[in-house]
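# Observations on the three-dimensional arrangement
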Amino acid sequence: MSPIRLRLLPSALALAAVALLSAGCTTTPASPAPTSTSGSDAGAPGLERTADDVEAAWLDDGRAIGIVTWGSSTRTCQPAVSGTDAEGQRVTLTLEDPAEAAEGCDTDLGPRAVIVPVPDGVDVTKDVDLQVTHGDLTADIDLDGLDAAPQGASEQQASAGWFEDDGIVLLTYGSSSCPPVVQDLEMTDTGATVTFSAVADRVCTMDFAPRATVITLPEERDGDASFTLTLVGDNLDGEVAVAG
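Below is a short write-up of the structure.

So, how was this worked out
Residues numbered from 1 in each chain as written. Predicted model: local features only at pLDDT ≥ 70, side-chain atom pairs only at ≥ 80, totals over all residues. Heavy atoms only, no water. Disulfide = S-S within 2.5 Å. Helix = DSSP H or I, 4+ residues; strand = E, 2+ residues; numbered from the N terminus. Buried < 20%, exposed > 50% of the residue type's maximum accessible area, 1.4 Å probe, protein only. Patch = residues over 30% accessible without salt bridge, like charges linked within 9 Å, V, L, I, M, F, W, Y side chains within 5 Å. Areas by Shrake-Rupley, 256 points an atom, 1.4 Å probe, with all protein chains shown as cover. Salt bridge = Lys/Arg side-chain N within 4 Å of Asp/Glu carboxyl O. Lys, Arg positive; Asp, Glu negative; His and termini not counted. Charge placed at Lys NZ, Arg CZ, Asp CG, Glu CD. Pairing = 2+ DSSP bridges. Axes fitted to C-alpha atoms, helices over the stretch in contact; angles between N-to-C directions. Core = buried A, V, L, I, M, F, W, Y, C linked by side-chain atoms within 4.5 Å. Contact = heavy atoms within 4.5 Å. 1 Å grid on protein atoms, 1.4 Å probe; cavity = no way out; pocket = protein on both sides within 12 Å on 5 of 7 lines; lining within 4 Å. Points joined across faces, edges and corners; volume = space filled by probe spheres on them. Phe/Tyr/Trp six-rings, centres within 6.5 Å; stacked < 30°, edge-to-face > 60°.

Turning to the state of the cysteines, a few remarks are in order. Within the structure shown, the criterion is met by one disulfide. A sulfur-sulfur distance of 2.0 Å marks the disulfide that ties C178 to C204. Measuring handedness by torsion sign, the sulfur bridge of C178 and C204 sits at about -100 degrees and is left-handed. You can see C178 sitting in the loop between β11 (167-174) and β12 (182-187) and its partner C204 sitting in the loop between β13 (191-196) and β14 (209-216), a full 26 residues away along the chain. Take C178: its relative accessible area is 4%, and that puts it in the buried class.

Now for a negative patch on the surface. On the surface, a cluster of negative charge is made up of D189, E219, E220 and D222. Inspection of the secondary structure puts E220 in the loop between β14 and β15 (228-232).

In this section: the sheet that holds strand β8 (residues 128-134). The four strands are arranged β5-β6-β8-β9 in an open sheet whose pairing can be described as mixed. Of all the strands in the sheet, the pair left with one neighbour each is β5 (80-87) and β9 (137-143). If you compare each strand with its neighbour and ignore which way they point, the axes differ by 20 degrees on average. Where strand β6 (residues 90-96) and β8 come together, six bridges link them in parallel fashion.

The next thing to look at is the nonpolar core. Membership of the largest hydrophobic core comes to 22 residues, with the highest contact counts inside it found for W58, I65, I67 and L130. Those elements giving two or more residues to this core turn out to be β3 (54-59), β4 (64-71), β6, β7 (110-117), β8 and β9. With four residues, β9 is the largest single contributor of residues to this core. The residues touching W58, leaving out its near neighbours within four places in the chain, are A64, I65, V118, V124, V128, L143, D144, L146, A160 and G161. Counting 18 residues, the second largest nonpolar core, distinct from the first, contains L185, L229, V240 and V242.

Right, let's get into the sheet that holds β7. Strand order in the open sheet formed by three strands is β3-β4-β7, with antiparallel pairing between adjacent strands. Edge strands, defined here as strands with exactly one partner in the open sheet, are β3 and β7. Averaged over all pairs of adjacent strands, the angle between their axes in this sheet comes to 25 degrees, without regard to strand direction. Relative to β7, β4 runs antiparallel, the two being bridged by eight bridges. Across the sheet, V68 pairs through a bridge with A113, a residue of β7.

Before going further, it helps to examine unusual backbone geometry. Phi at D60 is positive, roughly 55 degrees, even though this residue is not glycine. Tracing the backbone through its elements, the reader meets D60 in the loop between β3 and β4. Judged by its relative accessible area of 9%, D60 is buried. You will see that D61, though not glycine, has its phi angle at about 60 degrees, which is positive. Looking at where D61 falls in the secondary structure, it is placed in the loop between β3 and β4.

Now for the layout of surface pockets. Taken as a whole, the largest pocket encloses approximately 700 Å³ of empty space. Put simply, the parts of the chain that give the lining of the largest pocket at least two residues each are β3, β9, β10 (159-164) and β16 (238-243).

In this section: the packing of aromatic side chains. A ring pair, where both rings are aromatic, is described by two values, the distance of the centres and the angle of the planes. Under the definition given, this model contains three aromatic pairs. Aromatic side chains Y173 and F208 sit 5.8 Å apart centroid to centroid with 20 degrees between the ring planes, which places their arrangement in the stacked category. Here the residue Y173 occupies a position in strand β11, and F208 occupies one in the loop between β13 and β14, the gap between them amounting to 35 residues.

Written as structure tokens, this is what we have:
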């Protein structure tokens, strides 16, 4: 595959940060609320999405799961996790739209992601059955087990996982008010270089929070071959292998 360059317009990218957890949060009390942004439009050419679509990806070596939904990209209209429960390998999640979601929402259909810590007792080396409830929608997702379970606490480093053959959830850490904004993407057979906009013109809080960024590739990956994201800009420079 020759390099494919996809320039992403800021107007399509500025999916603002969304708080993952409200007062009944599922992270530890000291953990800041994760935020979500999107790195593209609703999907790659030819990919049709509806508001009923829900996908999932492993993150942070299996310590967390990224849940991807499709809907309005407006910051105040994106869902948050209001409850998490687990019984064996079955994890039940509830997503709720903010109270103000009925007003001022864009009518686009963009991907949004929330980050969910894996509940205690779930064996990530075995398949996980996710049941996600979002309003009137209930979706069941089968998440294949990982080769190995994570060891120790998270080092809060960037990680990424596939939710589709052309869709990646990228987990990074930094200011919750200034989530990464994808400016440019160039794809090859073995990976993609993702360039982020600088934060110079944004006022950022000084917290250190997990942020989820949805990256949609211009075409599907080549089978199960390894794939690496090269991150450039916004203090995110480095390489991240995509799990799954």
